[in-house]
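The lines below spell out each chain.
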Amino acid sequence: MRSWIARRMLRATSKRYGYDTSYLDMMLKVSPSAFFKFAAVMKSAGHREVVPVDASFAAKLVGALAEDCGPCTQLCVDMALEAGMPKDQIEAVLRRDPRAMNGATVLGYRFADAVVRRSQDDEYRNAVRAEWGEKGVIDLTLALQMGRMFPMVKAGLGYAKECRRVTVDGHDVDVIKQAA
(Lines give C-alpha, C1' and ligand atoms only; values in the text may rest on other atoms or scores of the structure.)
Protein backbone atom coordinates (compact mmCIF):
# COMPACT_ATOMS: atom_id res chain seq x y z
CA MET A 1 0.00 0.00 0.00
CA ARG A 2 2.79 2.40 0.94
CA SER A 3 4.59 1.76 -2.36
CA TRP A 4 1.36 2.30 -4.30
CA ILE A 5 0.88 5.71 -2.65
CA ALA A 6 4.52 6.61 -3.32
CA ARG A 7 4.17 5.72 -7.01
CA ARG A 8 1.08 7.91 -7.30
CA MET A 9 2.92 10.80 -5.65
CA LEU A 10 5.88 10.39 -8.01
CA ARG A 11 3.57 10.37 -11.04
CA ALA A 12 1.80 13.48 -9.75
CA THR A 13 5.12 15.27 -9.23
CA SER A 14 6.31 14.25 -12.68
CA LYS A 15 3.11 15.54 -14.28
CA ARG A 16 2.92 18.73 -12.23
CA TYR A 17 6.48 19.86 -12.95
CA GLY A 18 7.32 18.02 -16.18
CA TYR A 19 10.16 16.36 -14.27
CA ASP A 20 11.47 12.86 -14.91
CA THR A 21 11.12 10.89 -11.68
CA SER A 22 12.24 7.58 -13.20
CA TYR A 23 15.31 7.44 -10.94
CA LEU A 24 13.03 7.56 -7.92
CA ASP A 25 10.66 5.02 -9.50
CA MET A 26 13.62 2.69 -9.98
CA MET A 27 14.74 3.17 -6.38
CA LEU A 28 11.22 2.40 -5.15
CA LYS A 29 11.01 -0.74 -7.30
CA VAL A 30 14.49 -2.11 -6.55
CA SER A 31 14.93 -1.02 -2.94
CA PRO A 32 11.79 0.21 -1.23
CA SER A 33 13.75 0.40 2.01
CA ALA A 34 16.21 2.87 0.46
CA PHE A 35 13.40 4.83 -1.18
CA PHE A 36 11.47 5.32 2.05
CA LYS A 37 14.62 6.38 3.87
CA PHE A 38 15.30 8.86 1.08
CA ALA A 39 11.69 10.06 1.36
CA ALA A 40 12.66 11.60 4.71
CA VAL A 41 15.32 13.58 2.84
CA MET A 42 12.71 14.66 0.32
CA LYS A 43 10.60 16.00 3.17
CA SER A 44 13.54 17.89 4.66
CA ALA A 45 14.02 19.64 1.29
CA GLY A 46 11.00 21.75 2.21
CA HIS A 47 12.37 22.88 5.57
CA ARG A 48 12.32 26.64 6.12
CA GLU A 49 11.76 28.22 9.51
CA VAL A 50 13.00 31.80 9.51
CA VAL A 51 14.57 32.84 6.21
CA PRO A 52 12.43 34.42 3.49
CA VAL A 53 11.44 32.39 0.44
CA ASP A 54 13.87 34.37 -1.74
CA ALA A 55 16.88 33.51 0.43
CA SER A 56 15.91 29.85 0.71
CA PHE A 57 15.42 29.34 -3.01
CA ALA A 58 18.55 31.32 -3.84
CA ALA A 59 20.48 28.74 -1.79
CA LYS A 60 18.60 25.83 -3.39
CA LEU A 61 19.31 27.17 -6.86
CA VAL A 62 23.01 27.58 -6.10
CA GLY A 63 23.05 23.96 -4.92
CA ALA A 64 21.24 22.68 -7.99
CA LEU A 65 23.51 24.67 -10.31
CA ALA A 66 26.58 23.22 -8.63
CA GLU A 67 25.55 19.66 -9.49
CA ASP A 68 23.06 19.79 -12.35
CA CYS A 69 22.80 20.22 -16.09
CA GLY A 70 19.25 21.53 -16.27
CA PRO A 71 16.37 19.28 -15.21
CA CYS A 72 16.85 19.54 -11.44
CA THR A 73 17.60 23.25 -11.73
CA GLN A 74 14.40 23.66 -13.74
CA LEU A 75 12.46 21.82 -11.06
CA CYS A 76 13.92 24.18 -8.44
CA VAL A 77 13.00 27.21 -10.60
CA ASP A 78 9.43 25.96 -10.98
CA MET A 79 9.12 25.36 -7.24
CA ALA A 80 10.57 28.81 -6.50
CA LEU A 81 7.98 30.42 -8.76
CA GLU A 82 5.24 28.37 -7.12
CA ALA A 83 6.47 29.48 -3.67
CA GLY A 84 6.28 33.13 -4.70
CA MET A 85 9.90 34.03 -5.44
CA PRO A 86 9.85 36.86 -7.99
CA LYS A 87 10.97 35.97 -11.51
CA ASP A 88 13.61 38.68 -11.58
CA GLN A 89 15.20 37.27 -8.43
CA ILE A 90 15.31 33.74 -9.84
CA GLU A 91 16.88 35.04 -13.03
CA ALA A 92 19.45 37.06 -11.08
CA VAL A 93 20.56 33.91 -9.23
CA LEU A 94 20.74 31.89 -12.46
CA ARG A 95 22.85 34.65 -14.05
CA ARG A 96 24.96 35.06 -10.88
CA ASP A 97 24.15 38.78 -10.81
CA PRO A 98 24.11 40.00 -7.17
CA ARG A 99 23.49 43.61 -8.30
CA ALA A 100 20.03 42.55 -9.50
CA MET A 101 19.15 40.71 -6.26
CA ASN A 102 17.20 42.02 -3.30
CA GLY A 103 18.76 41.81 0.17
CA ALA A 104 17.35 38.39 1.11
CA THR A 105 18.21 36.83 -2.24
CA VAL A 106 21.77 38.15 -2.28
CA LEU A 107 22.42 36.97 1.26
CA GLY A 108 21.11 33.45 0.52
CA TYR A 109 23.04 33.40 -2.76
CA ARG A 110 26.35 34.63 -1.29
CA PHE A 111 26.13 32.25 1.68
CA ALA A 112 25.44 29.24 -0.55
CA ASP A 113 28.08 30.23 -3.10
CA ALA A 114 30.71 30.58 -0.35
CA VAL A 115 29.87 27.11 0.98
CA VAL A 116 29.97 25.54 -2.51
CA ARG A 117 33.36 27.17 -3.13
CA ARG A 118 34.55 25.93 0.30
CA SER A 119 35.43 29.45 1.35
CA GLN A 120 36.97 29.52 4.81
CA ASP A 121 35.77 33.10 5.24
CA ASP A 122 32.83 33.29 7.65
CA GLU A 123 31.64 36.66 6.33
CA TYR A 124 28.38 35.42 4.81
CA ARG A 125 27.64 32.89 7.55
CA ASN A 126 28.05 35.70 10.08
CA ALA A 127 25.81 37.96 7.98
CA VAL A 128 23.11 35.27 7.87
CA ARG A 129 23.48 34.76 11.61
CA ALA A 130 23.13 38.52 12.21
CA GLU A 131 20.02 38.71 10.01
CA TRP A 132 18.15 35.51 10.96
CA GLY A 133 20.10 33.87 13.80
CA GLU A 134 21.34 30.29 13.98
CA LYS A 135 18.04 29.03 12.58
CA GLY A 136 18.78 31.06 9.46
CA VAL A 137 22.15 29.36 9.07
CA ILE A 138 20.44 25.99 9.44
CA ASP A 139 17.67 26.92 6.98
CA LEU A 140 20.12 28.00 4.29
CA THR A 141 22.49 25.09 4.87
CA LEU A 142 19.67 22.59 4.41
CA ALA A 143 18.31 24.48 1.40
CA LEU A 144 21.73 24.42 -0.26
CA GLN A 145 22.46 20.79 0.46
CA MET A 146 19.00 19.56 -0.53
CA GLY A 147 19.41 21.49 -3.79
CA ARG A 148 22.58 19.46 -4.39
CA MET A 149 21.26 16.12 -3.13
CA PHE A 150 18.75 15.29 -5.84
CA PRO A 151 21.05 15.86 -8.85
CA MET A 152 23.76 13.79 -7.17
CA VAL A 153 21.42 10.88 -6.41
CA LYS A 154 20.10 11.06 -9.97
CA ALA A 155 23.68 11.02 -11.33
CA GLY A 156 24.77 8.23 -9.01
CA LEU A 157 21.92 6.04 -10.18
CA GLY A 158 22.82 6.70 -13.82
CA TYR A 159 19.80 8.83 -14.72
CA ALA A 160 21.46 12.24 -15.21
CA LYS A 161 21.73 11.95 -18.98
CA GLU A 162 19.77 15.02 -20.10
CA CYS A 163 20.93 18.61 -20.28
CA ARG A 164 18.38 21.28 -21.04
CA ARG A 165 17.89 25.01 -21.08
CA VAL A 166 16.44 26.55 -17.99
CA THR A 167 13.39 28.76 -18.39
CA VAL A 168 11.72 31.16 -16.00
CA ASP A 169 8.03 31.54 -16.67
CA GLY A 170 8.41 30.41 -20.28
CA HIS A 171 11.52 32.28 -21.39
CA ASP A 172 15.09 31.01 -21.60
CA VAL A 173 17.68 32.30 -19.17
CA ASP A 174 21.40 32.22 -19.85
CA VAL A 175 22.61 30.30 -16.82
CA ILE A 176 26.09 30.97 -15.50
CA LYS A 177 27.33 27.96 -13.55
CA GLN A 178 30.66 29.36 -12.28
CA ALA A 179 31.87 32.80 -11.32
CA ALA A 180 34.07 34.35 -13.99
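See the structure above.
This structure is a prediction, so every number in the text was calculated from the model and none was measured.

Engineer: Give me the packing of aromatic side chains: which residues, what numbers.
Structural biologist: Summed over all chains, the structure comprises 3 aromatic pairs. With a centroid separation of 6.3 Å and an interplanar angle of 85°, the aromatic rings of Tyr-19 and Tyr-23 are classed as edge-to-face. Accessibility assignment for this pair places Tyr-19 and Tyr-23 in one class, buried. Ring centres of Phe-38 and Phe-150 lie 5.4 Å apart, and the angle between their planes is 65°; this geometry places the pair in the edge-to-face category. Linking Phe-38 in helix 3 (residues 32-44) with Phe-150 in helix 8 (residues 123-156), this pair joins segments that are 112 residues apart in sequence. Assessed through its relative accessible area of 8%, Phe-38 is described here as buried. One Lys or Arg, Arg-2, reaches over the ring of Phe-36 and ends 3.7 Å from the middle of that ring.

Engineer: Could you give me a rundown of the environment of Arg-165, with the residues and numbers involved?
Structural biologist: Here Arg-165 lies in the loop between helix 8 and strand 1 (166-168). Residue class for Arg-165 comes out partly exposed when judged on its relative accessible area of 44%. For Arg-165 and Gln-74, which are 91 residues apart along the polypeptide, the C-alpha to C-alpha distance reads 8.2 Å. With sequence-adjacent residues up to four places away left out, Arg-165 is seen in contact with Gln-74, Asp-172, Val-173 and Asp-174. Only 3.3 Å separates the side chain of Arg-165 from the side chain of Asp-172, close enough to count as a polar contact. A distance of 3.1 Å separates polar atoms of two side chains, one belonging to Arg-165 and the other to Asp-174.

Engineer: Could you give an account of the nonpolar core, naming the residues involved and the relevant values?
Structural biologist: Ranked by internal contacts, the top residues of the largest apolar core, which has 33 residues, are Ile-90, Val-93, Leu-94, Trp-132 and Leu-140. Only helix 4 (53-67), helix 5 (71-83), helix 6 (87-94), helix 7 (103-116), helix 8 and strand 1 provide two or more residues apiece to this core. Examining the composition of this core, we find that 8 residues originate from one element, helix 4, more than from any other. Not counting residues within four places of it along the chain, the set of residues in contact with Trp-132 comprises Val-50, Val-51, Pro-52, Ala-55, Ala-104, Leu-107 and Leu-140. Within the second largest apolar cluster, 17 residues are counted, among which are Tyr-17, Phe-36, Phe-38 and Val-153.

Engineer: Tell me about the packing of helix 5 against helix 6, and name the residues and values.
Structural biologist: For the pair helix 5 and helix 6, interaxial distance at closest approach is 10 Å and the crossing angle is 155°. If you check the angle between helix 5 and helix 6, you find them roughly antiparallel. In the packing of helix 5 onto helix 6, the handedness of the crossing is right-handed. The residues of helix 6 that touch helix 5, namely those facing Thr-73, Val-77, Ala-80 and Leu-81, are Lys-87, Ile-90 and Leu-94. When the residues that make up the contact of helix 5 with helix 6 are grouped by side-chain class, the tally is 5 nonpolar, 1 polar and 1 charged.

Engineer: Got a sec to walk through the layout of surface pockets? Specific residues and values, please.
Structural biologist: Counted as a void, the largest pocket has a volume near 830 Å³. Taken together, 36 residues make up the lining of the largest pocket; nearest its centre are Thr-13, Met-42, Ala-45, Met-79 and Phe-150. At the level of elements, helix 1 (2-17), helix 2 (22-30), helix 3, helix 4, helix 5 and helix 8 are the ones that each hand at least two residues to the lining of the largest pocket. When residues in the lining of the largest pocket are grouped by element, the largest group, 9 residues, is from helix 1.

Reading the values: rules and limits
- Residues numbered from 1 in each chain as written.
- Predicted model: local features only at pLDDT ≥ 70, side-chain atom pairs only at ≥ 80, totals over all residues.
- Heavy atoms only, no water.
- Phe/Tyr/Trp six-rings, centres within 6.5 Å; stacked < 30°, edge-to-face > 60°.
- Buried < 20%, exposed > 50% of the residue type's maximum accessible area, 1.4 Å probe, protein only.
- Helix = DSSP H or I, 4+ residues; strand = E, 2+ residues; numbered from the N terminus.
- Lys NZ or Arg CZ within 6 Å of the ring centre and 35° of its normal.
- Contact = heavy atoms within 4.5 Å.
- Polar contact = N/O pair within 3.5 Å; in protein donor to acceptor, adjacent residues only side chain to side chain.
- Core = buried A, V, L, I, M, F, W, Y, C linked by side-chain atoms within 4.5 Å.
- Axes fitted to C-alpha atoms, helices over the stretch in contact; angles between N-to-C directions.
- Parallel < 35°, antiparallel > 145°, perpendicular 65-115°, else oblique.
- Left-handed = near helix turned anticlockwise from the far one by under 90°.
- Nonpolar A, V, L, I, M, F, W, Y, C, P; charged D, E, K, R; others polar.
- 1 Å grid on protein atoms, 1.4 Å probe; cavity = no way out; pocket = protein on both sides within 12 Å on 5 of 7 lines; lining within 4 Å.
- Points joined across faces, edges and corners; volume = space filled by probe spheres on them.

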